[in-house]
Amino acid sequence: MENFKSKLHAVHKRFYSKVLYPLCGIFGLFIIFGLYCINGHSMLIDSALHTSTQAVEQKTDEAEFNSYLKKLFQNKVTANTLNLHYTLADPSSAHITEYPITFGEVSTDSEASQMAALENMKKELQTYDTSKMSTSAQMTYDILEDSITRGLEMAPYYYYDELLSSTNGVQSEYPILLAEYTFHSVKDVEDYLNLLSQYDTFFKQVCEFEKQKAKRGLFMNETAVENLIEQCHAFIPENSEKSFWETTFKERLNKIDNISTKEKQSYIKQNQEMLKDHVYPAYRSLIAVLKALKKNGKNPQGLCHFEDGKTYYQLLVKSTTGSGHTIPELQEMVETQRKTQLEALTQLASKLTQTTSSSVIKRKNNSDRIVTAASYSVLPYHSPEEMLEHLKTQINDAFPATPDVNYSVKNVNEKLQDFLSPAFYLTSPIDQFTENCIYINPGNDYNDIQLFTTLAHEGYPGHLYQTVYSYANKLNPIRYLLYHGGYTEGWATYVEMLSYQYAGIDTDMADALMLNQDATLSLYATIDMGVHYDGWSLADTVDFLSDYGITQTSVISNIYQTIIENPANYLKYYIGYLEFLDLKEQAKNYYSNDYSELLFHTALLDMGSAPFYILEKYFVKYYNAAK
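Here goes a summary of the coordinates provided. Bear in mind that the values here come from a model prediction, so they are computed numbers and not experimental data. (Residues numbered from 1 in each chain as written. Predicted model: local features only at pLDDT ≥ 70, side-chain atom pairs only at ≥ 80, totals over all residues. Heavy atoms only, no water.)

**What to know about the overall build of the protein**
When helices and strands are counted, the protein shows 25 helices and four strands. Here the protein, with 627 residues, has 61% of them falling under the buried criterion. Summarising the internal contacts of the protein: among those between residues at least 6 apart in sequence, 80% fall at separations of at least 24. Per element, the accessible surface of the protein, about 24500 Å² overall, is 47% carbon and sulfur. (Helix = DSSP H or I, 4+ residues; strand = E, 2+ residues; numbered from the N terminus. Buried < 20%, exposed > 50% of the residue type's maximum accessible area, 1.4 Å probe, protein only. Contact = heavy atoms within 4.5 Å. Areas by Shrake-Rupley, 256 points an atom, 1.4 Å probe, with all protein chains shown as cover.)

Shown next, in the form of structure tokens:
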């Protein structure tokens, strides 16, 4: 199966919102090299065979190494046309002139074949000695080698992955990516229509994958199936002409220059035919297969209840978070942070109760009332655009400058609000990152503070800012295909926490909200590890949350089911956040009086996304270079 790097970066769900899970990746695991690849195998195998027939000579020329990475990038980015389109607005800018139109393939290759492809790639990579190359080349090598190593570790657990999560599966993310598929030229329109013509074929492969999972006793539970079926129906409109499938197509078509009315009408008709003949039937077929397989889900609990599921979860957590810590160490980190933040919140509540005149707070002397009162804060700016512009000015002193880019804020389509994240940022292409888009889900019913911090997470200094900075920094293109969820979502969560102090409300109230949000996210992280590593039942989860005053049975059931369906997903937010805090603490201790927020953030952004154990290895070099 060809993995597709997540182009949708989302804000995490909060306890006070609907139980909606974020769109943060097409597949739970992102290892682009070999594990899920059909189209890229030939190049990797040929390279390895070439290496095996000659004496292995260590190559130290950085230009030659970059040439190898360029070929690898071209091979991988063209293996999925959605990936190509969202990575490059103009493929010729990367010397790509011909490419297949494809969603990629869901591989049925054997474990041995997958392992062989990864081993071949590792052998090819190890012919390069980067010790005399630039720091950037050395770091790229380490990140690539780490990706291959993790892929090799995960290869035996191919069917433990899930393509159809109700919150970040192909059936829900592909429609959004297709709806935002920009038409730069007529060629893009034709590629798009070609993709639609393959929708049912691709879904057929996904269905076969699910059947194989069922045969191996790894199929999802019945509740997950019911959630998916309900969602699939939402993508089959009652009135196609008014659906987002057709309205967004017409809107994008109208933005193309030098196209006649007659040509537009022809493309509109073709789009309607593709939807009718391929897209809607794909969802109907998927629904039928899910109904047929519904009773095959034997495990209603966490991954550790599957054979070897606990081992898989440990590997998944490392891959998802980029943390080098063991699960017990992560559990201790989370618990320690929660205890610290709740103690600080209690002390702050005591202080505010004595000094504030708020009748809301005086009714009950507890932290809950403090947080409730703080959440009532009204900001001097209300529109998303005003908030983003305010954030851009507030971060100037602590964050490095980025190129000035355009952005738009759109509402999630009404038909999809019940199924999509509270908000998400749609990643722009490497070669045309001046246009960016953030989606807000009106169904989430934000208050001012919630919307403000959400926009900090998605926009400035969160995903949009980090993405634009990374592109402007011109890392090796292969780096942009390597998704490190712990870094990406950890960064957005880290800056979201900082943003409470940028909101313009009372400092103590801002601290109370931040401490509460930190502690709240920690609960999700603990439940994730409790369910999938320790084997918590729903009753165990109820007992755990009751200690924190959360007792609504329906809410807890939804939380439990969401975490069952999306193992380790919350961890990339919270563990990534904790890893950034740990790096900051290390930097403060190491540099003492020479520490600065600006240099710390610059070093992290200059390094680009990577596992945290690799960031630690190179941090001092990048910090010193930023001075």
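**What to know about unusual backbone geometry**
Note that the residue after Tyr460, namely Pro461, is joined by a cis bond; omega there is 0°. In this structure, His95 takes a positive phi of about 60° despite not being glycine. On the secondary structure map, His95 appears in the loop between α3 (81-87) and α4 (111-125). One non-glycine residue, Lys474, adopts positive backbone phi at about 55°. Residue position: Lys474 is located in the loop between α18 (463-472) and α19 (485-499).

**Observations regarding the packing of helix α23 (residues 569-591) against helix α25 (residues 612-626)**
Running from N to C, α23 and α25 point in directions that differ by 40°, and their axes come no closer than 11 Å. Viewed along their axes, α23 and α25 adopt a mutual orientation that is oblique. For the crossing formed where α23 meets α25, the hand is right-handed. Of the residues in α25, those in contact with Gly576, Glu579, Phe580, Asp582, Leu583, Gln586, Ala587, Tyr590 and Tyr591 of α23 are Phe612, Leu615, Glu616, Phe619, Val620, Tyr623 and Asn624. (Axes fitted to C-alpha atoms, helices over the stretch in contact; angles between N-to-C directions. Parallel < 35°, antiparallel > 145°, perpendicular 65-115°, else oblique. Left-handed = near helix turned anticlockwise from the far one by under 90°.)

**Considering the pattern of salt bridges**
All told, the structure shown has 11 salt bridges when counted by the stated rule. The salt bridge involving Lys295 is made with Glu222; its shortest N-O contact spans 3.6 Å. Taken together, the residues Lys295 in the loop between α11 (261-293) and α12 (309-321) and Glu222 in helix α9 (residues 222-234) connect sequence positions 73 residues apart. On the accessibility criterion, Glu222 (29% relative accessible area) is partly exposed. Close ionic contact of Glu597 with Lys584 constitutes a salt bridge, the shortest N to O distance being 3.2 Å. Here Glu597 is found in helix α24 (residues 597-607), whereas its partner Lys584 is found in helix α23, with 13 residues between them in sequence. Residue classification places Glu597 among the partly exposed residues on the basis of a relative accessible area of 27%. According to the relative accessible area criterion, Lys584 is buried, its value standing at 9%. Via salt bridges that share partners, Glu389, Lys392 and Asp404 belong to a single interconnected network. (Salt bridge = Lys/Arg side-chain N within 4 Å of Asp/Glu carboxyl O.)

**Topic: α25**
Bending of α25 peaks at approximately 50° at the position of Tyr618. Within the sequence span of α25, burial applies to Phe612, Ile614, Leu615, Tyr618, Phe619, Tyr622 and Tyr623. Where α25 is buried, its residues contact α5 (135-154), α12, α19, α23 and α24. (Bend = angle between axes of the 7 residues up to and from the residue.)

**Here's the deal with α19**
Between its terminal C-alpha atoms α19 stretches 21 Å, which fits the 21 Å expected from 15 residues at 1.5 Å a residue. Among the 15 residues that make up α19, 14 are buried, leaving the element largely enclosed by the rest of the structure. (Expected span 1.5 Å × (residues − 1).)

**Some words on the environment of Gln331**
You can see Gln331 is positioned in helix α13 (residues 327-355). Along the backbone, Gln331 and Ile575 are 244 residues apart, and their C-alpha atoms lie at a distance of 9.7 Å. Ignoring any residue separated from it by four or fewer positions in sequence, one finds Gln331 in contact with Met529, Gly530, Tyr533 and Asp534.

**Brief notes about the environment of Phe203**
With respect to the secondary-structure elements, Phe203 resides in helix α8 (residues 199-215). Classification of Phe203 as buried rests on a relative accessible area of 2%. Along the backbone, Phe203 and Val106 are 97 residues apart, and their C-alpha atoms lie at a distance of 9.2 Å. Among residues more than four places away in sequence, those in contact with Phe203 are Gln171, Ala282, Tyr283 and Leu286.

**What about the environment of Pro91?**
Within the secondary structure, Pro91 sits in the loop between α3 and α4. The buried category is assigned to Pro91, whose relative accessible area is 14%. Dropping the residues within four chain positions of it, Pro91 is found in contact with Leu84, Ile96 and Tyr99.

**Focus on the packing of α5 against α12**
The interhelical angle for the contact between α5 and α12, taken along N-to-C directions, is 160°, at an axis separation of 10 Å. With respect to each other, α5 and α12 are oriented roughly antiparallel. Judged by the sense of rotation from one axis to the other, the crossing of α5 with α12 is left-handed. In this structure, α5 uses Arg150, Glu153 and Met154 to contact α12, whose residues at the interface are Tyr312, Leu315, Leu316 and Ser319.

**A short note on the side chain of Thr127**
Assignment of secondary structure puts Thr127 in the loop between α4 and α5. Look at Thr127 and you get buried, because its relative accessible area is 4%. Within the local environment of Thr127, its side chain forms a polar contact with the backbone oxygen of Glu124, the two atoms lying 2.6 Å apart. (Polar contact = N/O pair within 3.5 Å; in protein donor to acceptor, adjacent residues only side chain to side chain.)

**Things to note about the packing of aromatic side chains**
In total, this model carries 50 aromatic pairs according to the counting rule given. Each ring, one from Phe65 and one from Tyr128, has its centre 5.3 Å from the other, and the planes form 55°; the classification is tilted. Of this pair, Phe65 sits in helix α2 (residues 62-77) while Tyr128 is found in the loop between α4 and α5, placing the two residues 63 residues apart along the sequence. By relative accessible area, which is 0% here, Phe65 ends up buried. For Tyr128, a relative accessible area of 5% translates into the label buried. With a centroid separation of 5.9 Å and 50° between ring planes, the pair formed by Trp491 and Tyr494 is classed as tilted. Here Tyr494 and Trp491 lie together in helix α19, a separation of three residues that amounts to about one turn. Lying across the ring of Phe183, Arg252 places its NZ or CZ 4.7 Å from the centre. (Phe/Tyr/Trp six-rings, centres within 6.5 Å; stacked < 30°, edge-to-face > 60°. Lys NZ or Arg CZ within 6 Å of the ring centre and 35° of its normal.)

Function-wise, these values are silent; they only describe arrangement.
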